[in-house]
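One letter stands for each residue in the lines below.
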Amino acid sequence: MNGACSFRLSLRFLAVGWCVLCRLGAAVGGAPSFQDRGDLVDTGDGFVGASLPLVGDWNADGTDSCGIYSPATGAFFLRNLNSTGGEQVRFQFGAGGDVYLPIAGDWNADGADTVGIYDPASGFFSLRNSNSSGTADLVFTFGAGGAGLIPLVGDWNDDGDDNVGLYDPSNGDVFLRSTNAPDPPVIEFTFGTGGPAFLPVTGDWNNDNVDTIGIYDTGTSQWSLRNTNSAGDPDLVFTFRASGIFEDAFEAGTTRSWSRALGDVTPIPLAGDWNGDGIDTVGIYAPASGMFFLRNLNSTGDPDLIFQFGAAGGGFLPIAGDWDGDGDDTVGIYDPASGFFFLRN
């Protein structure tokens, strides 16, 4: 994984550009399916409506695809193709009914992303090296449970496998595991001052194959990015806000202006390699308006890409990945209420 997730879409509305429609819902016989109709219901064999999206390259084919985790049952439903059809990988991992957070990464450097779960109450991580039922391959406690820490995933040292990390929003402390072995060295440093306005992002900001940390200040729209996982001042500091000129999705040839003052209170930060140059750069999703603002340079300036994707105020969750294997990360949205994914190529 390249860190373009966060924190990793239906033809029921019009979007600018090409849209891939897929859905994980309930199909005949109780098996979940990527389809364009039906409700998310309890099928009697592990799937219920409340769900969280995942993004990963589940089969090491160089293309990211979608998945769903059901916290109530502990079931994962993964698909290797961004198209209509039944889930291709389905398994139980962890006990259902607990408030676990799903994560995904290449834990053993075999080229395939696999799943994990994090228990924020206890600080317990459970990681699996294959997308199948079974006990965890890696189990460890990392960080203080119940402290409101935010889990992170990235390749912190360019060794080819992804490792976990934690960000403490109360004080800006960052804790990164350097390997997935028992009792590994831990990289620990403070970056920023912490506070409720700051949100963490991860990415390879300088094309050195190492994922590092960044902070987005939702109050000022200031980004602070660091090129090494160590204490120190940010290597990149710039302002990038949700504002600009865009083409109206519903009126061809019509341009409109948008600024944060017109709508969203809490934009959501994104990171991805939007132009295939090997460098992750930042982006913003404004949920109240359905607007995406993406920048190809980690510097102050206007968005390089600005568009509306999805209905305003729809309660969607943004995701990012390389859906077609072309080397560019593009965005998507997931609708928890219906199970629809909408992906832009």
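Before any of the text, the structure's been laid out above.
Presented here is a report on the structure given in the accompanying data block. Here the residue index of a chain counts from 1 through its sequence in written order. Note on the predicted model: pLDDT of at least 70 is required for a residue's local features to be given, and 80 or more for side-chain atom pairs to be given and counted; whole-chain, interface and lining totals, by contrast, use all residues. To get the side-chain values, take all heavy atoms of the structure and skip hydrogens and water.

1. With respect to the overall build of the protein chain
Part 1 of the argument: A run of H or I in DSSP becomes a helix once it reaches four residues, and a run of E becomes a strand once it reaches two; helices and strands are each numbered from the N terminus. Scanning the protein chain from terminus to terminus reveals zero helices and 29 strands.
Part 2 of the argument: The rule is simple: take the accessible area with a 1.4 Å probe, protein chains only, and divide by the maximum for that residue type; under 20% is buried, over 50% is exposed, in between is partly exposed. Looking at the protein chain as a whole, 54% of its 345 residues are labelled buried.
Part 3 of the argument: Residue-level accessible areas treat just the shown protein chains as cover; the underlying method is Shrake-Rupley with a 1.4 Å probe. Counting only carbon and sulfur atoms, one obtains 53% of the accessible surface of the protein chain, whose full area is about 13,300 Å².

2. Things to note about the environment of Gly 325
Part 1 of the argument: One can find Gly 325 in the loop between strand S27 (317–321) and strand S28 (330–335).
Part 2 of the argument: Distance from Gly 325 to Asp 64, taken between C-alpha atoms, is 7.5 Å for residues 261 residues apart in sequence.
Part 3 of the argument: Contacts were defined at the residue level, with two residues in contact if any of their heavy atoms lie within 4.5 Å. Excluding residues that lie within four positions of it along the chain, Gly 325 makes contacts with Gly 62 and Thr 63.

3. Points about the sheet that holds strand S17 (residues 198–203)
Part 1 of the argument: Taken in spatial order, the four strands make up an open sheet running S17-S18-S19-S20, and their pairing is antiparallel. Looking at which strands have only one partner, the edges of the open sheet turn out to be S17 and strand S20 (236–239). Across this sheet, the average inter-strand angle for adjacent strands is 20°, counted without regard to direction.
Part 2 of the argument: One requirement defines pairing of two strands: DSSP has to find at least two bridges between them. Looking at chain direction, S17 and strand S18 (residues 212–217) are connected through six bridges and run antiparallel. Bridge pairing links Leu 199 to Tyr 216 in S18. Geometry is summarised by axes, namely lines fitted to C-alpha atoms with helices restricted to the contacting stretch, and by angles between N-to-C directions that run from 0 to 180 degrees.

4. As for the sheet that holds strand S24 (residues 281–286)
Part 1 of the argument: Spatially, S23-S24-S25-S26 is the arrangement adopted by the four strands of the open sheet, whose pairing is antiparallel. The sheet terminates laterally at strand S23 (268–272) and strand S26 (305–308), the two strands that pair on one side only. Averaged over all neighbouring strand pairs, the angle between strand axes comes to 20°, with direction disregarded.
Part 2 of the argument: Pairing geometry for S23 and S24, over five bridges, is antiparallel. Bridge pairing links Leu 270 to Gly 283 in S24.

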